[in-house]
Every structure is written in C-alpha cells, then in structure tokens.
Amino acid sequence: MLRTKALRHTLFILLPVIAVAGLLPLAYSNQLLLFNFVVFLTLAQGVNILYGFTGYLPFGYVGFFGVGAYGFSLAVMHLHLPPLAALGAAALAAVLLGLVLTPLLRLSGAYFAIANLAASQAMFQVVSNPNLTDITKGPYGISLAGVFAPNLSYGVAVAILALTLGTVIYLRNSRFGLALLAVREDSVTAAMAGIDVVRTRTLAWQLSALVAGLIGGVFAWYVSVFYPETVFSPEFSIFAIVFALFGGVATITGPILGVVVLYGIYNAIGISTPQYFQLIYGALIMGLVLFLPNGVVSLFRRWGIDVP
Amino acid sequence: MSPDLAKPLLQIDRLVKRFGGFVALDGVSFHVMPGEILGLVGPNGSGKTTCINVISGLYKPNGGEVRFQGRSVGGLASHRLVHLGINRTFQVPKPFLPLTVRENVEVAAAYGRPAEGPSDIEAILASVELDGLGNKTAAELNSVQQKMLDLARALATGPRLLCVDELAAGLNPVELDRVAIRLRDLARGGMALLVVEHLMGFIDQVTDRVIVLNAGREIFEGVLAEAVRDPQVVEVFLGAAHVG
Ligand SMILES: Nc1ncnc2c1ncn2[C@@H]1O[C@H](COP(=O)(O)OP(=O)(O)OP(=O)(O)O)[C@@H](O)[C@H]1O
Ligand SMILES: [Mg+2]
C-alpha cells in the first residue's frame, strides 16, 4: 500500500513539477526567475524535511546553502574540478557543516533556531574574512566565468529538485518517515518503540543539509558571480521557511504550494519593495506557527480532502 | 526460599537513583521470573515510576545494578533495551497523536524487533480492543483508549519483560477485568510483568507476588495477603492516607 502511494505521488506530483520546471524555459524567457523558483522549491522542501519531520526550525538554514556555494566554488577555483564533480564538494561541505552542528539538535525550540542562525552567521564571517582572501576571495566575492553554463546548470538544478521531491515522497510513505514523525511527536515514547532517536534525527538533519548544499552549489554555478552576502543572505532561510510553513509541512504538496503562491506574489509585486516583504514574511512565520501550524493544506484536510 | 530451577529474567540489585540531593531509589533489590507477575506498590512518590524509568533506560542509575537475562544493562539507551526485550507503558501515555492508531503500532513493530519477524498488528489491536479504530488518529482516542494504545505499542515490540505503570487507573470494572485477564494471558505465554498499581483489588487479581516500596526503599516482599498484615506496610499506607 505504501509503495503504490509512493508511485502515485511520483507520477502525479514529482513528474508534473519536474516537467513544468524543465520545459518552462522553452516557453518563457526569464530563465533566472525560473531558476530562483527551482532553488526555493528545493530549499522549501529541505526545510520541510527538517521542520516537518523533526520539528526543528532552521533559521540558519542558509548556512548549508552558503557553504554549498563556496564548496563548489573552491573546488572549481583551486582543484579545477569540472562543475558536476564540484557539486560533490558542495554536498561534502554541507554535510560536514551538518556534522559539526549536530550537537545543536540537543537544543529545543527557540534555542535551536537562534543557535542555528548564529552558526550560519559565523560561517558567513569566516568565508568573508579578508584574511582568507587567498582561499575564499574574502569579501570581494567569487567569479567563476570559466564554468558559466546557464542551461546545463539549470537542468542540474531541476535534477536536484527531483531528488529532493523523491526524498520527501519517500519520507511520506516509508517506515523511516513514520519513525521521524514519531520522534517529533514524543521522543521518549519513540525510544520505547525501539527507535534510535539520535540517529533518526541526525539522518533527517543531514538530508536537509545535503539538499541545501547541493542547490547552493548549483546556485554558485548558475550565477557564477556572487558575493558572500548573496549566498549567506538570511532571506533564503526566511523565504524557505515561510513558503514551507504557508503550504504545510510534513506534506509533499504544501511547500510547493507555498513557493508558487508566495514567491509568485513576491515576484509580481514585491521586487520593487523587497524590504517590506522580509518584514511581512517574518510576521507571517510567527502567525503561521501560532495559528496555522500545519499550513494551508491542513484546511483542505479539515474539509475532508486528503492532500498528500 | 524454594530453590528455583529457572533463572530470574530481571534482577535488580541495590539500585540507587538520585535527583540532585533527593534520593528517589535508595538501594532497591528484587527480581522477576519469566512468566511471573510482580506487583510494585507503595504510596505516591515512593519511587515506583522512577524504578520503571531506570529499568527502561529513561534514567541512568546512580548506583547498583540492573541485570536482564544475566547481562548488566543499567544505563543502556532505551531503544537498545527495547531490542533486548524490555518494554513498558507510561503512567501518562503520550502516543504519536497525528499518526493513526495502526501507524502507532506499526512503527513500534518495525523498529522494536529487528531480529524477529513482523508482529501481527491487527491481532495486537484486537487484543486491546482497539480493532476497528486502526484508521483513527491517536488524538481522537479517549484517555483509556490511549492507555490501551500505549500497551499495544509496547506489545508490538515483542517484550520478554513488560513494565506496566498504573494501567488500571481510570478504567471501569468491566475494562479492569478484561485488562487483568489480558495481563494474565501474557504471563501464561512466558512474559514477565512488573505491575505498578494503586488499586489493590487489581493487584490481588493479577500478581503472584508484590514488592512494597516506601521512600525509595523496599519494605516488604511476598504475597499481597501477607503484606496487608505487615505492620510496617500498614503504617506506611495509613500514614500516606493521613497526608493526602
Ligand atoms: N525527573 C525527576 N526529577 C526530580 N525528581 C523526580 C523526578 N522524577 C521523580 N522525581 C521524584 O522522585 C520521587 C518518586 O517519584 P515517582 O514518580 O517514582 O513516584 P511514584 O511511586 O511513581 O508515585 P505515584 O504513585 O504518584 O506515581 C518523587 O518525590 C518525585 O517528585
Ligand atoms: Mg508513578
């Protein structure tokens, strides 16, 4: 039964999303905008993996994205790796950061969120430190003109989105996903169900780190020129969180809905006044956590419509 | 004591548990045989739940030993104890509320017994009278049903030792009878049970033997009929009654 459900979710959610994301550039000329949609679809699902399935709200989620971007860039600049191999370095950087930050999982609620935010700021400070200019180019930013390949990197971003969606579909339809939800609900009872609480949480944490690191790496590749404050901007964390929360976490479709609606609105009217949107979205996060913790899709559930 | 051929499944030896300066368990010793139901009674705050918490790995002991099947297991992580065959119910159960009743049991069956085959989830649900409620979420259950779900969760892991913490509280007489029969059935199948309970009628009905705890020390070991004639036990229970 779980398997047929997973197949249904793959056929009716993953494939259409990937088809649209993959084919839209042929019909619509603003590829950068589409690329940003793909990035946020991936990041929102990454937040979903962590917050939806473990209850940890990663306000410093951008840290993984940023070290992914730098892992990719350093591998290209210093090791002269081809871009696809350099994505491996992006993944590695994010997973290593995840490993270093694993002790944060001992903190709960707001303490975790704040510590995670501080950690991402610390990574930004390290990377943009002028003393490291030889390695990271410090505050002067990265230029990877040699590997610039917008079409290919766009395609790879879509592939990473597909992998991410596949991961969330797996979590929604597997015993491992069930175990994660059990730990999120009550870690003591979960342990007495035989679940290794620490290991289970750490796995979800690393999965969400990996997703952000990979898409961060492909972001560096796609834009090719960026500053440290670009890829460590708190806006990435805030947007990814608000999109995931708005649609509804621990679902497959919720974060997709959140990105399409809120990032759509942002692009339609917000670009000229981005500072207001940061404010509005910040307030929206609080409102959602307090009043609609399970997002818009939970309203559908209340009306008896089961949304995957 | 009569020489038993079988070895104890659980052997607690001079167990100590402190919370800061407060001594909740002050050198408690007892054992449980396979197929035996041992009652653990005592006034509020005497350390009954703490004892189960240490046995099930929620707390590390500060002294003494917990032996399970001859092996020292004190301080092991809960999930590892579950895999060895120890489980418990909670005085205040906290099931996985958004999950369905079936999922609650399924996850325990999947993670609680890696060595053995899958347990029959429908049969377990039926045995605690939750059949027909499998597709409801745990949040929709009343408190008695949540207690039964907690028992089902524990049973799904195939325990050899089951600690039951005030399962009977809040049950009506009919439900009490059913649960008593259910626990006796489990023991007849070879499972060892440690039953914490305030309802003496229930204790009388299900246990083979009781331990009486007071302020973290055991003050009596034997059958309930003798316990109620023991002056120290009577004193403790009357004293407790005076206070509250
Ligand atoms: N985590 C804890 N931290 C501090 N003190 C604790 C903790 N757990 C239990 N205690 C204390 O240890 C003593 C024994 O508590 P315990 O819950 O084991 O009693 P009990 O015999 O189960 O009582 P009841 O019949 O009311 O359930 C109590 O005084 C309690 O306040
Ligand atoms: Mg108690």
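Refer to the structure presented above.
Treat the numbers as computed from the prediction; the structure is a model and nothing was measured.

## Points about the overall build of chain B
Turning to step 1, where the next piece is worked out: Tallying secondary structure elements over chain B gives nine helices and ten strands in all.
Turning to step 2, where the next piece is worked out: Taking the principal axes of the C-alpha coordinates as reference, chain B spans close to 50 × 40 × 40 Å.
Turning to step 3, where the next piece is worked out: Going through the 244 residues of chain B one by one, you find that 51% of them count as buried.
Turning to step 4, where the next piece is worked out: Taking the contacts inside chain B whose residues are at least 6 apart along the sequence as the reference set, 67% of them involve residues at least 24 apart.
Turning to step 5, where the next piece is worked out: Only carbon and sulfur atoms are counted for the fraction: they give 53% of the accessible area of chain B, which is about 10,800 Å².
Turning to step 6, where the next piece is worked out: If the 24 positive side-chain charges of chain B are averaged to one point and the 27 negative ones to another, these points end up 7 Å apart.

## Topic: the coordination of the magnesium ion (ligand 2)
Residues and elements named next belong to chain B.
Turning to step 1, where the next piece is worked out: Looking at the magnesium ion (ligand 2), one finds its protein donor set to be Thr49 (OG1) and Gln91 (OE1), positioned 1.9 to 2.2 Å from the metal centre. Taken together, the residues threonine 49 in helix α1 (residues 48–55) and glutamine 91 in the loop between β6 (86–88) and α3 (101–112) connect sequence positions 42 residues apart.
Turning to step 2, where the next piece is worked out: We classify threonine 49 as partly exposed; its relative accessible area is 25%.
Turning to step 3, where the next piece is worked out: Judged by relative accessible area, which is 33%, glutamine 91 ranks as partly exposed.

## Notes on the layout of surface pockets
Turning to step 1, where the next piece is worked out: Here the largest pocket is characterised by a volume of approximately 1,300 Å³.
Turning to step 2, where the next piece is worked out: Lining the largest pocket are 44 residues, with A:Arg172, A:Arg301, A:Asp306, B:Pro98 and B:Glu103 sitting closest to its centre.
Turning to step 3, where the next piece is worked out: Contributing elements (two or more residues each) for the lining of the largest pocket: α1 (2–27), α7 (150–172), α8 (175–185) and α15 (295–302) of chain A together with α3 of chain B.
Turning to step 4, where the next piece is worked out: Counting residues per element, the lining of the largest pocket draws most heavily on α1(A), at six residues.
Turning to step 5, where the next piece is worked out: Considering only residue class, the lining of the largest pocket consists of 20 nonpolar, twelve polar and twelve charged.
Turning to step 6, where the next piece is worked out: One number sums up the size of the second largest pocket: a volume of about 380 Å³.
Turning to step 7, where the next piece is worked out: Along its surface, the second largest pocket is lined by 17 residues, and A:Ser187, A:Asp196, A:Val197, A:Val198 and A:Arg201 are the ones closest to its centre.
Turning to step 8, where the next piece is worked out: Those elements giving two or more residues to the lining of the second largest pocket turn out to be α9 (187–191) and α10 (197–223) of chain A together with α2 (78–84) of chain B.
Turning to step 9, where the next piece is worked out: Its residues assigned to classes, the lining of the second largest pocket shows nine nonpolar, five polar and three charged.

## A word on the side chain of A:Gln206
Turning to step 1, where the next piece is worked out: You can see A:Gln206 is positioned in helix α10.
Turning to step 2, where the next piece is worked out: In this structure A:Gln206 touches A:Ala94, A:Val95, A:Gly98, A:Leu99 and A:Thr102, once residues within four positions along its chain are discounted.

## A short note on the sheet that holds strand β2 (residues 22–32) of chain B
Residue and element names in this part refer to chain B.
Turning to step 1, where the next piece is worked out: Taken in spatial order, the four strands make up an open sheet running β2-β1-β4-β5, and their pairing is antiparallel. A single partner strand is all that each edge strand has here, and the edge strands are β2 and β5 (71–72).
Turning to step 2, where the next piece is worked out: Where strand β1 (residues 10–19) lies against β2, eight bridges are found, and the strand directions are antiparallel. Pairing of glutamine 11 across the sheet is with histidine 31, part of β2.

## Some words on the pattern of salt bridges
Turning to step 1, where the next piece is worked out: For the structure on display, the rule yields twelve salt bridges over all chains.
Turning to step 2, where the next piece is worked out: Note that A:Arg184 is salt-bridged to A:Glu185, the shortest N-O span being 3.3 Å.
Turning to step 3, where the next piece is worked out: Classification of A:Arg184 by relative accessible area gives partly exposed; the value is 28%.
Turning to step 4, where the next piece is worked out: Classification of A:Glu185 as partly exposed rests on a relative accessible area of 29%.
Turning to step 5, where the next piece is worked out: The shortest N-O distance in the salt bridge between B:Glu65 and B:Arg67 comes to 3.3 Å.
Turning to step 6, where the next piece is worked out: Taking the relative accessible area as the measure of exposure, B:Glu65 reaches 27% and is therefore partly exposed.
Turning to step 7, where the next piece is worked out: The network of salt bridges with common partners includes B:Glu36, B:Arg209 and B:Glu221.

## Section: the sheet that holds strand β3 (residues 37–41) of chain B
Residues and elements named next belong to chain B.
Turning to step 1, where the next piece is worked out: Read across the open sheet, the six strands follow the order β6-β7-β8-β3-β9-β10; overall the sheet is mixed. Edge strands, defined here as strands with exactly one partner in the open sheet, are β6 and β10 (217–222). Going from strand to strand, the sheet's axes swing by 20° on average, the running direction of each strand aside.
Turning to step 2, where the next piece is worked out: Inspection of the sheet shows strand β7 (residues 161–165) paired to strand β8 (residues 192–196) by five bridges, in the parallel sense.

Rules used throughout
- Residues numbered from 1 in each chain as written.
- Chains lettered and ligands numbered in written order.
- Predicted model: local features only at pLDDT ≥ 70, side-chain atom pairs only at ≥ 80, totals over all residues.
- Heavy atoms only, no water.
- Helix = DSSP H or I, 4+ residues; strand = E, 2+ residues; numbered from the N terminus.
- Buried < 20%, exposed > 50% of the residue type's maximum accessible area, 1.4 Å probe, protein only.
- Contact = heavy atoms within 4.5 Å.
- Areas by Shrake-Rupley, 256 points an atom, 1.4 Å probe, with all protein chains shown as cover.
- Lys, Arg positive; Asp, Glu negative; His and termini not counted.
- Charge placed at Lys NZ, Arg CZ, Asp CG, Glu CD.
- Donors = N, O, S within 2.8 Å, 3.2 Å for Na, K, Ca; no water.
- 1 Å grid on protein atoms, 1.4 Å probe; cavity = no way out; pocket = protein on both sides within 12 Å on 5 of 7 lines; lining within 4 Å.
- Points joined across faces, edges and corners; volume = space filled by probe spheres on them.
- Nonpolar A, V, L, I, M, F, W, Y, C, P; charged D, E, K, R; others polar.
- Pairing = 2+ DSSP bridges.
- Salt bridge = Lys/Arg side-chain N within 4 Å of Asp/Glu carboxyl O.
- Axes fitted to C-alpha atoms, helices over the stretch in contact; angles between N-to-C directions.

Shape is all these values report; function is a separate question.
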